[in-house]
Amino acid sequence: MTLLDAPHGTPLRIVDLAGGESVRRRLMAMGFHKDDVVELDGKAIFRGPLLVRNCTSDTTIALGRGVAQKVLVEPVHEPS
Amino acid sequence: MNPPEVPAVIFVGQPNSGKSTLFNSIAGHKAETSNFPGTSIKHTHSRVNIGGRLLDVVDLPGTYSLCTSDPAEQVVLTHLFSERPDLIVNVIDASTLSRGLELTLELVELGYPMVVALNMMDVAERKGIQVDPAKIERLLGAPVVATIAAHGRGVKELLERAFDVLDKGQSLRSPRFSDDVEEKVAEVERLLPPGFPIVSNPRFTAIKLIETAGHACGDFLGEVEPGLRATVDGVRRAIEERRGAPAYEVISAERHHQAMKLAEETSRVLHGKRMTWDKKVDAVLMHPVLGYLILAAVFLAFFFIIFKVGNPLETLLIGPFNSLKAALAARLGSGLLFSLAEGLIQGVGGGVAIVLPYFLPLLFLMAVLEDLGYLARAGFLLDAFMHRIGLHGKSVSPFILGFGCNVPAIVSTRILESQRDRVLTSILIPFIPCSARTTIVLALVAFYLGPLWAMGFYAVNILIVAVVGWVISRFLKEPSPGLILEIPSLKAPRISSVLRKTWLQVYSFVRFAWPILIAGSLVLSLLNYFRADRWINDVLAPLIVKGLGLPHDLGVTLVFGFLRKELSLIMMLQALGVDYQNLMTVITREQIVVFTVFISFFIPCLSTFVILWKEIGKKWAFVSAGMSIAVALALSWVVRLVL
């Protein structure tokens, strides 16, 4: 699923970064790579951006919906 | 090797790593710091004397990596690659260690002498992260010093270690990539033709060739020869086939994992002590409903505070100037001497008593919002609205900066990735009421018609920005790449930093605007005395009297308004020959509104025009001026119809 459909507040693994080279490069430069574990922290109304937190580096970025759509994720089952 | 006379030391770090704060505490008080990604867009130089040794220190814009297409960040590459520095000070935010280390590893690959400032240790501690600088130092081979730049802690040790490196040199340990990637890097390294422009060392050059060719930062490596190009292309294909991802992604991921491993080995996260309060604050600040209410409240409070502080200050300060003028009138009669004295008093008094009372609190509050990190949050909240006018949330920060002064706001559009977004944002900024126009609005509309009128003025103004943006974006069809914006952690603004920033802007206002204000006022006095202003007024009469319904005498003020907007206000009083407090005896409320509207919009001021020309070209600068005139005329006409 894409980040847009992902549930809030649970750990998600990035499966793939789709989209153009410049967007991918930008995301990677900001520390968001394939296989990273992220969390969806919030969504703005009126089709506004998403707040995505990288759980490893604890950095948060705002992603527009167009960009979020290109980030494919799957839920992570936390080790109990 | 003899050490150079004055070593060049450059500061490199990711946005929000506290780089500028650290730079400031070393270089005195020159660079501006703030909590928004990419605010130090121009680099700042400073020559400092530390314990008898000279250093040339350079603060560069924050950059996330050494492969970038962002024009603000490219400044860093030019500096690193073409002006070989003697030492790099790499600043890392310890609270986001693993991401910061990615840039550090790139710098280690570059291999210039380096010291690492592990900054914001206090924030890391609050988050429950314990970092071991000594261990990072062992693994990288570069000195790592824990610092808290905001309190000046660790700075002395950092400098000592820096001099150490300058004197004795160092050997960095660049971690290797996986064997298959390393093999390919070596292949390119071997095939670099003699005389190829090597940046620092062959391995770094080879890595960058693989990572960036065809991409902006490849430019710094010169024209790649056809033979080498084939090798590089072959290597890239080989990596891509083996790993199933483009070569740039593979190398970036290798570094990402090196950084995560390094961070894991050198830091511990104590769970249960995570900084929850600021997460809670953020949840409210960016809440889908509360967030907007707070945003609206912040802006309302912003202008009410400025008005509440500025208004009494203005009344207080203007008194002495008026009595001085009255006293002079009694002694000097009405000759040339009195005219000049009157012009001088109007000019100085206007600058001190009318402009400064509003200007000062506005700059102060702006600095607070910036340092707090609120601009990025406003960008998040307003992204959806910005889409309506063909932009996205990253343009919010330049817009908000525009309320202070349009000129730095236009420069700050360099943080936007696409040319289209930069043009559109830059063209809209002159429609944002800067502090000079806020002064006019508050001094005329709010003072004579009440604060609610001023609020209404702002609401209409923002509406105009939206409409103009919507119209222009119809012509710039190219889609905007979408928002990717870091939300930095909230920081309590430090009073010293806020005051410094306010002071810097007030200083440049006093230095550049006051002479123009005073000279303009004197010139007007002379024109008045020799009755030359009539000519200008007569020429402009069709516009001023017929078009706008304003007093004939106000024609000259427009000419001065092009130089600086606040000048029009002072010139207005001068031209009408009344005191500020008696303004209403010669002009009606309606005329005040028309005048304010027209002056606010009719043309970007000279400095804004020049910076537009420089940043986005002559064509757009004239488009902007043309649109301003059209909007000013249309709006003044509407105001006359409505009132």
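Thresholds, definitions, all that
Residues numbered from 1 in each chain as written. Chains lettered and ligands numbered in written order. Predicted model: local features only at pLDDT ≥ 70, side-chain atom pairs only at ≥ 80, totals over all residues. Heavy atoms only, no water. Helix = DSSP H or I, 4+ residues; strand = E, 2+ residues; numbered from the N terminus. Rg over C-alpha atoms; globule rule 2.2 N^0.38 Å. Buried < 20%, exposed > 50% of the residue type's maximum accessible area, 1.4 Å probe, protein only. Contact = heavy atoms within 4.5 Å. Lys, Arg positive; Asp, Glu negative; His and termini not counted. Charge placed at Lys NZ, Arg CZ, Asp CG, Glu CD. Expected span 1.5 Å × (residues − 1). Phe/Tyr/Trp six-rings, centres within 6.5 Å; stacked < 30°, edge-to-face > 60°. Lys NZ or Arg CZ within 6 Å of the ring centre and 35° of its normal.

Asks: Looking at this structure, how should I read the overall build of chain B?
Replies: Looking only at helices and strands, chain B features 26 helices and nine strands. Relative to a compact globule of 643 residues, whose C-alpha radius of gyration would be 26 Å, chain B shows 28 Å and is just as compact. The principal-axis extent of the C-alpha atoms belonging to chain B is close to 85 × 55 × 55 Å. Counting across all 643 residues of chain B, residues that qualify as buried make up 58%. Relative to all contacts within chain B whose residues are 6 or more apart in sequence, the contacts with residues 24 or more apart total 75%. Both charge centroids of chain B, one from 60 positive and one from 55 negative side chains, sit 6 Å from each other.

Asks: Explanation requested: helix 19 (residues 451–475) of chain B in the structure shown.
Replies: Count 3.6 residues to each turn of an α-helix, and residues three or four apart come out pointing the same way. Residue and element names in this part refer to chain B. Here helix 19 is 25 residues long and its end C-alpha atoms lie 37 Å apart, about the 36 Å a rise of 1.5 Å per residue gives. When helix 19 is considered as a whole, its buried residues turn out to be Ala454, Met455, Phe457, Tyr458, Asn461, Ile464, Val465, Val468, Gly469, Ile472 and Ser473. At its buried positions, helix 19 is contacted by helix 12 (290–332), helix 15 (396–404), helix 17 (419–428), helix 18 (435–449), helix 24 (589–601) and helix 26 (618–642).

Asks: Teacher, can you tell me more about the packing of aromatic side chains here?
Replies: Pairs of aromatic rings are described using the distance from one ring centre to the other and the angle between the two planes. Inspection of every chain in the model, using the stated rule, returns eleven aromatic pairs over all chains. For the pair Tyr292 of chain B and Phe385 of chain B, a centre-to-centre distance of 6.0 Å together with 80° between the ring planes defines the contact as edge-to-face. With Tyr292 of chain B in helix 12 and Phe385 of chain B in helix 14 (residues 374–388), this residue pair connects regions lying 93 residues apart in the sequence. Residue Tyr292 of chain B is classed as buried on the basis of its relative accessible area, which comes to 15%. For the pair Phe431 of chain B and Phe601 of chain B, a centre-to-centre distance of 6.4 Å together with 40° between the ring planes defines the contact as tilted. Here Phe431 of chain B is found in the loop between helix 17 and helix 18, whereas its partner Phe601 of chain B is found in helix 24, with 170 residues between them in sequence. We classify Phe431 of chain B as buried; its relative accessible area is 1%. Taking the relative accessible area as the measure of exposure, Phe601 of chain B reaches 4% and is therefore buried. Ring-pair connections join several aromatic residues into one group, and the members of that group are Phe299, Phe302 and Phe403 of chain B. Sitting above the plane of the Tyr248 of chain B ring, Arg25 of chain A keeps its charged end 4.2 Å from the centroid.

Asks: Teacher, can you tell me more about the environment of Ala634 of chain B here?
Replies: Residue and element names in this part refer to chain B. Tracing the sequence through the fold places Ala634 in helix 26. Judged by relative accessible area, which is 41%, Ala634 ranks as partly exposed. Considered as a pair, Ala634 and His151 are 483 residues apart in the sequence and their alpha carbons are 53 Å apart.

Asks: It is not clear to me how the side chain of Arg255 of chain B should be interpreted in this structure. Could you clarify?
Replies: Relative to the helices and strands, Arg255 of chain B is located in helix 10 (residues 247–266). For Arg255 of chain B, the contacting residues outside a window of four places in its chain are Glu102, Leu105, Glu106, Glu109, Phe177, Ile207, Lys208 and Glu211 of chain B.

By themselves, these observations are geometric and do not establish any function.
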